[in-house]
Amino acid sequence: MTFAIGTPLLDTCVLAVLSRGDAYGYALTAQVKEVLDISESTLYPVLRRLQAEGCLSAYNRAYRNRNRRYYAITEAGRVRLAENRALWRAYCEGVDWLLREEAKDGEA
């Protein structure tokens, strides 16, 4: 079973991958696909939107007589990533609490 991936979560995953180093679209998609069920056609609009919002920058680098477009996280992207990580932790704690099978030691 898979769960739907909302825009904020996908944005956060993309920013997290790029916080580890610049990547071109296909390589970035491959890294995200290791965990989430997405396609390249899903990822490229996310990259364009994050770039328009100032969270990413892009540059071209030659590779085998072609240009590859690489994406890099910006300072604004790092700030958003930190904020979203905090929100994600709180969200996970709440969901974990709701999904807990039984209360422990007098918890409601």
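Above this text you will find the structure in question.
Residues numbered from 1 in each chain as written. Predicted model: local features only at pLDDT ≥ 70, side-chain atom pairs only at ≥ 80, totals over all residues. Heavy atoms only, no water.

(A) How the structure looks around the packing of helix H2 (residues 25-33) against helix H3 (residues 40-52). Relative to each other, H2 and H3 sit at 115°, their axes nearing to 10 Å. In this view, H2 runs roughly perpendicular relative to H3, as classed from their interaxial angle. Seen along the crossing, H2 lies across H3 with a hand that is right-handed. Residues Gly25, Tyr26, Leu28 and Thr29 of H2 form the contact with H3, whose own contacting residues are Glu40, Leu43, Tyr44 and Leu47. (Axes fitted to C-alpha atoms, helices over the stretch in contact; angles between N-to-C directions. Helix = DSSP H or I, 4+ residues; strand = E, 2+ residues; numbered from the N terminus. Parallel < 35°, antiparallel > 145°, perpendicular 65-115°, else oblique. Left-handed = near helix turned anticlockwise from the far one by under 90°. Contact = heavy atoms within 4.5 Å.)

(B) Layout of helix H4 (residues 75-99). Look at H4: 36 Å from first C-alpha to last across 25 residues, which is about the 36 Å you get at 1.5 Å a residue. Within H4, the full set of buried residues consists of Gly77, Leu81 and Asn84. Packing partners of the buried residues in H4 comprise helix H1 (7-19) and strand E3 (66-73). (Expected span 1.5 Å × (residues − 1). Buried < 20%, exposed > 50% of the residue type's maximum accessible area, 1.4 Å probe, protein only.)

(C) The packing of aromatic side chains, seen in detail. Counting across every chain of the model gives 3 aromatic pairs. Ring centres of Tyr59 and Tyr70 lie 5.6 Å apart, and the angle between their planes is 10°; on these two criteria the pair is classed as stacked. Highlighted residues: Tyr59 in strand E2 (residues 56-63) and Tyr70 in strand E3, separated in sequence by 11 residues. What makes Tyr59 partly exposed here is its relative accessible area of 27%. Classification of Tyr70 as buried rests on a relative accessible area of 11%. Here a set of aromatic residues connected by ring pairs shows up, and it is made of Tyr24, Tyr59 and Tyr70. Looking at Arg61, its charged tip hangs above the ring of Tyr70, at a distance of 4.8 Å from the centre. A cation sits over an aromatic face here: Arg68 above Tyr63, 3.5 Å from the ring centre. (Phe/Tyr/Trp six-rings, centres within 6.5 Å; stacked < 30°, edge-to-face > 60°. Lys NZ or Arg CZ within 6 Å of the ring centre and 35° of its normal.)

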